[in-house]
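Spelled out, the chains give:
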Amino acid sequence: MSSADLKESAALPRSDREPYRPWSYDLDATDVYIPRVRPGQQRWFAAVTRSGSRKQYARVLVLAESTKTKRWEMVAAVDIDDPEQLPDIILDKDGYATAVDASSTSLAAPVGVLRTAVADNFATGGEKTGKKVFTPTKAARRQIKVHDQTTRKFGTRGTTQFASADTEFRDAYALKTTTGALVIFSHTHTQHDAVAAPGLQIVPDKLDRAWLNAPAPAFTYTFTCSDVAAVPATPRPSSLLGYGCRRTDAKPTVPDFSL
């Protein structure tokens, strides 16, 4: 996601580029959650940072040590739509958090179910599984709004279809909470735009410069996203608390006019 941002920025005219600003976090407004790990397990920890005049904005971070390079990397940074919805994370007597297997069936929605539901929010507006797995939080409604607005943007002159894709980054991180678990995960989906009839073409916008060189009758975009969900331990809907997506690939494709 960060590499995609840099690639798109470098392809813009200099006048359109946002100046780079080093980022930092206020440690006095940051809660750090360090899980105990057994020998051989990947080391990681999570943090919740707050900003704004009233500390009304929250972001969940996950930092993990690469098993190959042994370097620490920030592998997720997701803004939370409503910080009041963040569940309380359980700490033991020594102040450590407890890591939870995000794929465990002891959770109402293991991470595979969460990924499927998120992809369905984009693909169908949540009609198949999204609205069953998730309560109608701001984040879930935003994903459904993306589906509703984007699939209608061409009117009768073209179509847009979203679909789930293989997730490149399969790692998921979860911490035990008073109600279940806070799960941070990644998902990938595609967006296929196509004209409705021969002779029409789609003109890439300025952010497409890094990926696409010329107009074409159809394009397929790939998006890599990070998501945060509060998942209960008992069988009831989960809450999608926030998500962020970046276009990480785009290419022209051949439209199908047979439909």
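Residues numbered from 1 in each chain as written. Predicted model: local features only at pLDDT ≥ 70, side-chain atom pairs only at ≥ 80, totals over all residues. Heavy atoms only, no water.

## Digging into the pairing of strand S2 (residues 44–51)
- In terms of strand pairing, strand S1 (residues 30–33) meets S2 through four bridges, oriented antiparallel. Note that in S2 the partner of Thr30 across the bridge is Thr49. (Pairing = 2+ DSSP bridges. Helix = DSSP H or I, 4+ residues; strand = E, 2+ residues; numbered from the N terminus.)

## So, unusual backbone geometry
- Within the chain, Lys55 stands out as a residue other than glycine whose phi angle is a positive 55°.
- Following the sequence through the fold, Lys55 ends up in the loop between S2 and strand S3 (57–65).
- Its identity is not glycine, yet Lys70 carries a phi of approximately 65°, on the positive side.
- Relative to the helices and strands, Lys70 resides in the loop between S3 and strand S4 (72–80).

## Looking at the state of the cysteines
- This structure, assessed with the given rule, holds one disulfide.
- With its sulfur 2.1 Å from that of its partner, Cys225 forms a disulfide with Cys245. Handedness of the Cys225-Cys245 disulfide follows from its S-S torsion of about 110°: it is right-handed. Of this pair, Cys225 sits in strand S8 (residues 218–232) while Cys245 sits in strand S9 (residues 239–252), placing them 20 residues apart in sequence.
- We classify Cys245 as partly exposed; its relative accessible area is 22%. (Disulfide = S-S within 2.5 Å. Buried < 20%, exposed > 50% of the residue type's maximum accessible area, 1.4 Å probe, protein only.)

## Examining the side chain of Ser238
- The residue Ser238 is located in the loop between S8 and S9 in this model.
- Assessed through its relative accessible area of 1%, Ser238 is described here as buried.
- In this view, Ser238 contacts Ala109, Leu114, Val133, Phe134, Thr135, Ala230, Val231 and Pro232; residues no more than four positions away in its chain are not counted. (Contact = heavy atoms within 4.5 Å.)

## With respect to helix H4 (residues 138–150)
- For H4, which comprises 13 residues, the first-to-last C-alpha distance of 18 Å matches the rise-based estimate of 18 Å (1.5 Å per residue) to within 8%.
- Where H4 is concerned, the buried positions are Ala139, Ala140, Gln143, Ile144, His147 and Thr150. Viewed end-on, H4 has its buried residues packed into an arc of 145°, placing them on one side of the element.
- Against helix H2 (111–124), helix H3 (130–133), strand S5 (158–165), strand S7 (180–195), S8 and S9 lie the buried residues of H4. (Expected span 1.5 Å × (residues − 1). Arc of directions from axis to C-beta.)

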